[in-house]
Amino acid sequence: MELWNIYDKYRHMTDRIHERGKEMKPGDHHLVVHVWIVNDDGQYLIQRRQPWKMGFPNMWDCSAAGSAIMGDDSEQAAIREAKEEIGIDLDMERDERLFTVKFPAGFDDIWLVRQNIAIEELQLQEEEVADARWASEEEIKEMVKNGEFIPFNYFDLLFEMVNSNISLKKAALEDAEELLALQKEVFMPLYKKYQDHETSPVTQTMERFRERFEQGDYYKIFFEGTLAGSVNVHEKSPGLMRLRIINILERFHNRGIAQQVMKRLELMHPEADAWELDTILTEQRNCYLYEKMGYMRTGENKEINNDMTIIRYRKESNLNKIKSL
């Protein structure tokens with residue numbers, strides 16, 4: 001008997017449990033993962049489902065996939081499914097949760113793991129997996145065209161992100177010292193300009209900074225494998241995500257990094273009905289970026305000093321989301 005944790009539409013875990021095979025109640029959601037393993041040659045490890053499998057029998061699929069069992073978080077589910085279905089230990093030092101697809105009964109987290117694996121090392125789960133192989137992006141597209149591969153709606157986005165020069169890696173508490181130093185470097189010019197001693201990220205203490213890891217998610221932003229910035233997001237209220245701070249080092253400006261990161265964050269949180277952020281009224285470049293991304297001023301202003309006013313932006317429409325199959 002397989003048991004799942006039940007989530008509400010905002011991805012809050014409830015105290016209820018669902019038994020696999022029974023009909024889910026309307027409004028209940030469970031957690032699913034898709035794992036895509038990509039090697040250094042840009043090939044994808046794919047598996048073919050057994051002909052007796054329910055749903056897409058005998059068709060080619062991602063490296064591993066399945067539902068999170070009771071007690072699993074998303075990463076644990078990805079690790080377990082890969083071990084069970086193809087017998088390998090994922091290298092989670094090279095992992096990235098790319099985006100999430102919200103479907104009527106749950107949330108499907110799409111994971112990318114960059115790892116070189118010899119086919120002969122695989123131990124296929126006979127009940128689930130009939131075969132496995134490496135395939136290029138072009139080969140997968142051809143297999144989809146020929147009706148041999150499950151026609152996921154997100155293929156274009158998947159290939160775009162795998163080939164992107166930007167990646168997000170969730171930060172851990174041990175990264176706090178590095179990320180606080182980065183934040184101070186990014187905001188020092190604004191601190192010197194506005195002298196906002198009480199509110200500037202430059203004057204934030206390590207204790208206060210570390211609290212942010214408990215309140216939301218911090219991500220390191222990499223450009224071509226080099227740390228280029230960081231971003232912190234959290235859920236302000238059910239359905240409302242807040243982009244608390246985004247830091248891009250000056251030498252990485254004018255590369256479209258902030259735009260791509262903001263799009264990625266929306267794709268990672270399809271449960272959000274709206275996003276909000278704050279910025280400085282007189283920093284026209286930032287205001288232009290946020291308005292270009294679909295944010296609108298709410299009219300909520302906070303004067304910090306004679307030279308600095310903080311304004312609030314909110315985005316409620318045209319959010320980046322993926323339709324399920």
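Calculation notes
- Residues numbered from 1 in each chain as written.
- Predicted model: local features only at pLDDT ≥ 70, side-chain atom pairs only at ≥ 80, totals over all residues.
- Heavy atoms only, no water.
- Helix = DSSP H or I, 4+ residues; strand = E, 2+ residues; numbered from the N terminus.
- Contact = heavy atoms within 4.5 Å.
- Expected span 1.5 Å × (residues − 1).
- Bend = angle between axes of the 7 residues up to and from the residue.
- Buried < 20%, exposed > 50% of the residue type's maximum accessible area, 1.4 Å probe, protein only.
- Pairing = 2+ DSSP bridges.
- Right-handed = clockwise from strand over helix to strand, strands pointing away.
- Axes fitted to C-alpha atoms, helices over the stretch in contact; angles between N-to-C directions.
- Arc of directions from axis to C-beta.

1. Here's the deal with the environment of asparagine 305
Take asparagine 305: it is sitting in strand S15 (residues 296–305). Sequence spacing of asparagine 305 and aspartate 196 is 109 residues, and the spatial spacing of their C-alpha atoms is 7.3 Å. In this structure asparagine 305 touches Tyr194, Gln195 and Asp196, once residues within four positions along its chain are discounted.

2. Examining helix H4 (residues 176–194)
Under the 1.5 Å per step criterion, the end-to-end length of H4 is 25 Å for 19 residues, consistent within 8% with the ideal 27 Å. By the largest-angle criterion, phenylalanine 187 marks the main kink of H4, which is about 50 degrees, and a proline, proline 189, follows within four residues. Considered for burial, the residues of H4 that qualify are Ala176, Leu179, Leu180, Leu182, Gln183, Phe187, Leu190, Tyr191 and Tyr194. Where H4 ends, the next residue or the one after it, glutamine 195, has phi of about 50 degrees, a positive value.

3. Digging into the pairing of strand S14 (residues 274–280)
With six of its seven residues buried, S14 lies for the most part within the structure. The pairing of strand S13 (residues 240–248) with S14 spans three bridges and is classified as parallel. When the sheet's bridge partners are listed, arginine 242 is paired in S14 with glutamate 276. In this view, the connection linking S13 to its parallel neighbour S14 by way of helix H6 (residues 257–268) has right-handed handedness.

4. Examining the sheet that holds strand S12 (residues 226–237)
Taken in spatial order, the seven strands make up an open sheet running S10-S11-S12-S13-S14-S16-S15, and their pairing is mixed. Edge strands, defined here as strands with exactly one partner in the open sheet, are strand S10 (166–170) and S15. When the angles between neighbouring strand axes are averaged without regard to direction, this sheet yields 25 degrees. Here strand S11 (residues 217–223) pairs with S12 via seven bridges, running antiparallel. From the neighbouring strand, phenylalanine 222 faces S12, where its bridge partner is leucine 227. Set on the sheet, helix H5 (residues 206–215) makes contact with S11, S12 and S13; between it and S11 the angle comes to about 100 degrees. Sitting on the sheet, H6 touches S10, S11, S12, S13, S14 and strand S16 (308–315), and the angle it makes with S10 is about 50 degrees.

5. Examining H5
Taken residue by residue, H5 has Phe209, Arg212 and Phe213 as its buried positions. Looking down the long axis of H5, one finds its buried residues gathered within 100 degrees of arc, a one-sided arrangement. Residues Glu207 and Glu214 are exposed on H5 and point more than 90 degrees away from its buried face. Buried positions along H5 lie against H4, S11, S12 and S13.

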